Amino acid sequence: MPWGLSIEVVFDQSRYTLERLTEVGLNMAVGVGLVVVVLFMTLGWRSALIVAMVLPVVSLASVATLNALAVPIHQMSVTGLIVALGLLVDAAIVMTDEVGKRLRAGMTRLKAVAGAARRLTMPLAASTVTTILSFMPLLLLPGPAGDFVGSIAISVIVMLAWSFVVAVTITPAIAGRWLRRGDGQPSRESLLMRGFRAALALSMTNPLRTVALSLVLPVIGFLSLPTLTPQFFPGVDRDQFHIEVDLPPGTGIAETMRVMREIDTRLTAEDEILDVAWVVGRSAPAFYYNMVGDRDQAPAFAQALIRTASAAATARLLNDLQANLPPAFLQARFVIRGLTQGPPVNAPVELRLVGQDIDALRLAGDYLRARLAEVPTVAMVRTGIAGGSPKLTLEIDEARARLLGLDLGQVARQMEAGLEGVTGGSLLEGTEELPVRVRLGAGLRGDPVAIGDMPILPPGAAAVAAAGQFPAVPLSTLGALRLEPSESTITRRNGERVNTVQAFLMPGILPAVALAEAMALLAAEGYAPPEGIRLETGGDSDARNSTVDALIAPLGLIITLSIAVVVVTLNSFRLTLIAFTVAGLSAGLSMLALAVFDYPFGINAIIGVIGSIGVSINAALIVLSGLQEDPRASAGDRAAMVDVVTGSARHITSTTITTFGGFLPLILGGGGFWPPFAMSVAGGVALSVTLAFAFTPQMFALTLPRRTRATDNDTIRQPDRRPHALRTNDTNVTRKGAI
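A. Region of interest: the overall build of the protein chain. Check the secondary structure of the protein chain and you find 31 helices and 17 strands. Expected size for 739 residues packed as a compact globule is a radius of gyration near 27 Å; at 36 Å, the protein chain overshoots this value by more than 25%. Along the three orthogonal principal directions, the C-alpha set of the protein chain runs to about 135 × 60 × 40 Å. Counting the 739 residues in the protein chain, one finds 49% classified as buried. In the protein chain, of all internal contacts separated by at least 6 residues, the share reaching a separation of at least 24 is 80%. Here the protein chain has roughly 34,600 Å² of accessible surface; of this, 60% comes from carbon and sulfur atoms. Of note, the protein chain has its 58 positive side-chain charges centred 17 Å away from the centre of its 59 negative side-chain charges.

Following this line, the structure appears as structure tokens:
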């Protein structure tokens, strides 16, 4: 390094990348472990081993596919693999259980495998496609938010596609080989299963009451939506934060440096602050992906990048510094901010005043700035259009100047030479030639009185000086000097003049809460924008709304495609309506889970709700396809319906528990981003079991055509304990087609 220069590492991303990937890898290992344990507990060791084999096969195939698609292995893509962990075994569980039931019914291995594959290929394809379609809004999301979460959708879609391929090819072949054959005699049901059968039989004798009870939780979930705190993207638990310092307009960089050193002394005195790096006169380089650095050529601006001992220390310091720094430096405005997830946002709360009259915009902005400063949760407020920096105006008396032989050009050139300077030579440093500028000292240039005393040389000054007289006249004798604000910068948005009032919040305050308080304050005062000016909201609220609009935009096409897939699979509009009613109700269950555990309703939770809808419909499709396939159930025999649903209970329960187990590491991992997303999916899927058993079969029975529906006086007969594979071969039952 040349003399006088040194290198200091201000930020090292590799450390955080390694920590995050290690954490994600640990979460993935825990998720795999939970899924395998659940499989052993619910399916038995043979079936569990068959299903567990799907995990490495699908994972390796998915990683290879992601590599072929040029999707890098980073935090988002690996998290997508974790999200898919609990989903990718669903198809394998259903297929393995179906093959096992047919083998226990006494079928040959070949017939059991062929029959299971033939019966489940279309329902599994439908459930896979609907789940994939539920993650498509993430993939189609435009802009920075789409760049942020798109890799999650790609990873989930790739893994689900591979899980279906493996479930209808490798899984039935291995299950047909490894699972034991039975003698066709039904096995004795466990006490738990007998209790479930009795409860299900009771619900089928009172389907209307059961359906009404099953709607209680979804309705409560929908009613709890207004109580959820809206949040765009959450903060980041990290040992870093940054401080922006704004001094009054016109402050020189030397004064900014002096104030910066005083602030730095207070910061370095904190035991939990490890490093402080300052950038003066411009924004610091963005050390985090969504930092906004739009300040340049700003001598009154400084920014500090701070590293602390831990994420907990960062949280404590944000509160302490916000309370102590501004009172200690009254001449400065501070923005003390932690890091957040998601696309870049200039300020958490923004109110935009749009109009044509620049003076009216400035006055309206000043009024809003004063009102927002009264909100307790707001730390600092600034406006886009304010009084400009102070400037010194000279109004020359041209008649007096002509008496001295001066014109306006001569006066201007002498003022420029004294205040801006002239190049008087150069220096060589290495191979670089540096110009030397000569001008008046900073003390003179920053003092209006000293500027007024600046000497101006008239023509013939050399002769006057040779005679031993002072040749110059003071600048103030040529005219009047006035100190006045300069014209403020005119900012535009979408071609319109706009004054943006930005509010920065106290640490830990959600933008939606602060915005609601600000709007309530303005409403209480009866505030209305001046004539010709309209008021818009920006910041976190605007970013959230635009992202949600983009997320919802493709839902019409996605829902249409999902309906088409289910209709083709079930060949029934009636059953399709039941399935999508379950999907809609599952959204209420996701909201209920968020409300119970007090998670905010942000973009991550919205994504989770959409994913939950696609996953929750799978159990309904399994139940409906089973009821449709059974001749007696489709003919209105409610005892047969109980048998079908009971036969599907084990793999529905297993897939639900494995799905919840796959998301559990993300819930327990803490932080602000993943728990709301994971809880909305896992909670919605877990609670949707009530819809699979207490809504779907009852609605199937209630919506049967009258010619096939059992009369109200019919009772549930003793269950037929013959395996499903034998019952469907009865010749004395007429098969009724789906309506």
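B. Main features of helix 25 (residues 603-629). Here helix 25 spans 40 Å end to end across 27 residues, near enough to the 39 Å set by a 1.5 Å rise per residue. Burial analysis of helix 25 places 25 of its 27 residues in the buried class, which makes it a mostly covered element.

C. Geometry of the packing of aromatic side chains. The final tally for this structure, using the stated rule, is three aromatic pairs. Positioned over the ring face of Phe-301 is Arg-295, at 4.2 Å from the centre of the ring. Over the ring of Phe-700 we find Arg-574, and its NZ or CZ is 5.1 Å from the ring centre.

D. Fine view of a nonpolar patch on the surface. Taken together, the side chains of Phe-40, Trp-45, Leu-49, Met-53 and Trp-178 present a nonpolar region at the surface, about 500 Å² in accessible area. Topologically, Trp-178 is positioned in helix 9 (residues 170-178). Classification of Trp-178 as partly exposed rests on a relative accessible area of 41%.

E. Inspection of unusual backbone geometry at higher detail. For Ala-70, which is not glycine, the phi dihedral falls at a positive 65°. Along the chain, Ala-70 turns up in the loop between helix 3 (54-68) and helix 4 (75-88). Taking relative accessible area as the criterion, Ala-70 reaches 64% and is therefore assigned exposed. Not every positive phi belongs to a glycine, and Asn-571 is a case in point at roughly 55°. Inspection of the secondary structure puts Asn-571 in the loop between helix 23 (555-570) and helix 24 (573-596). Accessibility expressed as a relative area gives 60% for Asn-571, which makes it exposed.

F. Quick peek at the pattern of salt bridges. Counted according to the given criterion, the structure contains 25 salt bridges. For Arg-382, the salt bridge is made with Asp-246, and the minimal N-O distance between the two is 3.5 Å. A residue pair is termed long-range when its members are at least 10 positions apart, and Arg-382 in strand 7 (residues 378-383) and Asp-246 in strand 2 (residues 240-246) qualify at 136 residues. According to the relative accessible area criterion, Arg-382 is buried, its value standing at 14%. Residue class for Asp-246 comes out buried when judged on its relative accessible area of 6%. One salt bridge connects Arg-493 with Glu-536, and the closest N-O pair in it is separated by 3.8 Å. On the criterion of sequence distance, the pair formed by Arg-493 in strand 14 (residues 492-493) and Glu-536 in strand 16 (residues 534-538) is long-range, its members being 43 residues apart. Classification of Glu-536 as partly exposed rests on a relative accessible area of 22%.

G. Summary view of the pairing of strand 15 (residues 496-505). For strand 15, the tally of buried residues reaches eight of ten residues, placing the bulk of the element in the interior. When strand 6 (residues 349-354) meets strand 15, the two strands line up antiparallel, connected through six bridges. Each bridged residue has a counterpart across the sheet, and for Val-349 the counterpart in strand 15 is Ala-503. As paired elements, strand 7 and strand 15 share five bridges and run antiparallel to each other. By the bridge assignment for strand 15, Val-381 is matched with Ala-503. Two strands pair when backbone bridges link them, and strand 14 and strand 15 are joined in this way by two bridges, in the antiparallel orientation. The partner of Arg-492 across the bridge, within strand 15, is Arg-497. Count of turn residues in the strand 14/strand 15 antiparallel hairpin: two residues, of which Asn-494 carries a positive phi of about 55°.

H. Here's a closer look at the sheet that holds strand 2. The strand order across the open sheet formed by four strands is 3-4-2-5, and the pairing between neighbours is antiparallel. The open sheet has two edge strands, strand 3 (273-280) and strand 5 (333-337), and neither has a second partner. Direction aside, neighbouring strands of the sheet carry axes that sit 15° apart on average. Pairing between strand 3 and strand 4 (residues 301-308): seven bridges, direction antiparallel. Each bridged residue has a counterpart across the sheet, and for Ile-273 the counterpart in strand 4 is Thr-308. Contacts between helix 13 (residues 253-268) and the sheet are confined to strand 2, strand 3, strand 4 and strand 5, with strand 3 contributing the most and set at about 175° to the helix.

I. Highlighting the side chain of Asn-499. Mapped onto the elements of the fold, Asn-499 is located in strand 15. A distance of 2.9 Å separates a polar atom in the side chain of Asn-499 from the backbone oxygen of Leu-361. In this structure the side chain of Asn-499 is engaged in a polar contact, spanning 3.1 Å, whose partner is the backbone nitrogen of Gly-384. Every residue in contact with Asn-499, bar those within four places of it in the chain, is listed here: Leu-351, Arg-352, Leu-353, Leu-361, Arg-362, Gly-365, Thr-383, Gly-384 and Ile-385.

J. Highlighting the environment of Thr-308. Here Thr-308 shows up in strand 4. Distance in space between the C-alpha atoms of Thr-308 and Asn-206 is 62 Å, their sequence separation being 102 residues. Contacts of Thr-308, omitting those with residues within four sequence positions, involve Asp-239, Gln-240, Phe-241, Glu-272, Ile-273, Leu-274, Ala-313, Thr-314 and Leu-317. Reaching out from Thr-308, the side chain makes a polar contact with the backbone oxygen of Ser-310 at a distance of 2.9 Å.

K. Molecular detail of helix 13. Given a rise of 1.5 Å per residue, 16 residues ought to cover 22 Å, and the 22 Å separating the end C-alpha atoms of helix 13 matches this to within 8%. Contacts made by the buried residues of helix 13 are with strand 2, strand 3, strand 4, helix 14 (311-328) and strand 5.

L. Here's a closer look at the packing of helix 5 (residues 90-104) against helix 9. At a minimum axis separation of 9 Å, helix 5 and helix 9 run at an interaxial angle of 35°. Considering only the axes of helix 5 and helix 9, their crossing is right-handed. In this structure, helix 5 contributes Ala-92, Met-95, Thr-96, Val-99 and Leu-103 to the contact, and helix 9 contributes Thr-171, Pro-172, Ala-175 and Gly-176. Along the lines of polarity and charge, the residues of the contact of helix 5 with helix 9 split into six nonpolar, three polar and no charged.

M. Local environment of the environment of Arg-492. Examined against the element boundaries, Arg-492 turns out to sit in strand 14. Placed 446 residues apart in sequence, Arg-492 and Arg-46 show a C-alpha to C-alpha distance of 68 Å. Those residues in contact with Arg-492, other than ones at most four positions away along the chain, are Arg-497 and Val-498.

N. Spotlight on the packing of helix 24 against helix 25. Helix 25 packs onto helix 24 with a crossing angle of 140° between their chain directions and a minimal axis gap of 7 Å. On the basis of their axis angle, the class for helix 24 and helix 25 is oblique. For the element pair helix 24 and helix 25, the recorded crossing hand is right-handed. Here Leu-575, Ile-578, Ala-579, Phe-580, Val-582, Ala-583, Ser-586, Ala-587, Ser-590 and Leu-594 of helix 24 come into contact with helix 25, specifically with Ala-605, Val-609, Ser-612, Ile-613, Ser-616, Ile-617, Ala-620, Leu-621, Leu-624 and Gln-628. Each residue belonging to the contact of helix 24 with helix 25 can be placed in one class, and the counts come to 15 nonpolar, five polar and no charged.

Cut-offs used in this document
- Residues numbered from 1 in each chain as written.
- Predicted model: local features only at pLDDT ≥ 70, side-chain atom pairs only at ≥ 80, totals over all residues.
- Heavy atoms only, no water.
- Helix = DSSP H or I, 4+ residues; strand = E, 2+ residues; numbered from the N terminus.
- Rg over C-alpha atoms; globule rule 2.2 N^0.38 Å.
- Buried < 20%, exposed > 50% of the residue type's maximum accessible area, 1.4 Å probe, protein only.
- Contact = heavy atoms within 4.5 Å.
- Areas by Shrake-Rupley, 256 points an atom, 1.4 Å probe, with all protein chains shown as cover.
- Lys, Arg positive; Asp, Glu negative; His and termini not counted.
- Charge placed at Lys NZ, Arg CZ, Asp CG, Glu CD.
- Expected span 1.5 Å × (residues − 1).
- Phe/Tyr/Trp six-rings, centres within 6.5 Å; stacked < 30°, edge-to-face > 60°.
- Lys NZ or Arg CZ within 6 Å of the ring centre and 35° of its normal.
- Patch = residues over 30% accessible without salt bridge, like charges linked within 9 Å, V, L, I, M, F, W, Y side chains within 5 Å.
- Salt bridge = Lys/Arg side-chain N within 4 Å of Asp/Glu carboxyl O.
- Pairing = 2+ DSSP bridges.
- Axes fitted to C-alpha atoms, helices over the stretch in contact; angles between N-to-C directions.
- Polar contact = N/O pair within 3.5 Å; in protein donor to acceptor, adjacent residues only side chain to side chain.
- Left-handed = near helix turned anticlockwise from the far one by under 90°.
- Nonpolar A, V, L, I, M, F, W, Y, C, P; charged D, E, K, R; others polar.
- Parallel < 35°, antiparallel > 145°, perpendicular 65-115°, else oblique.

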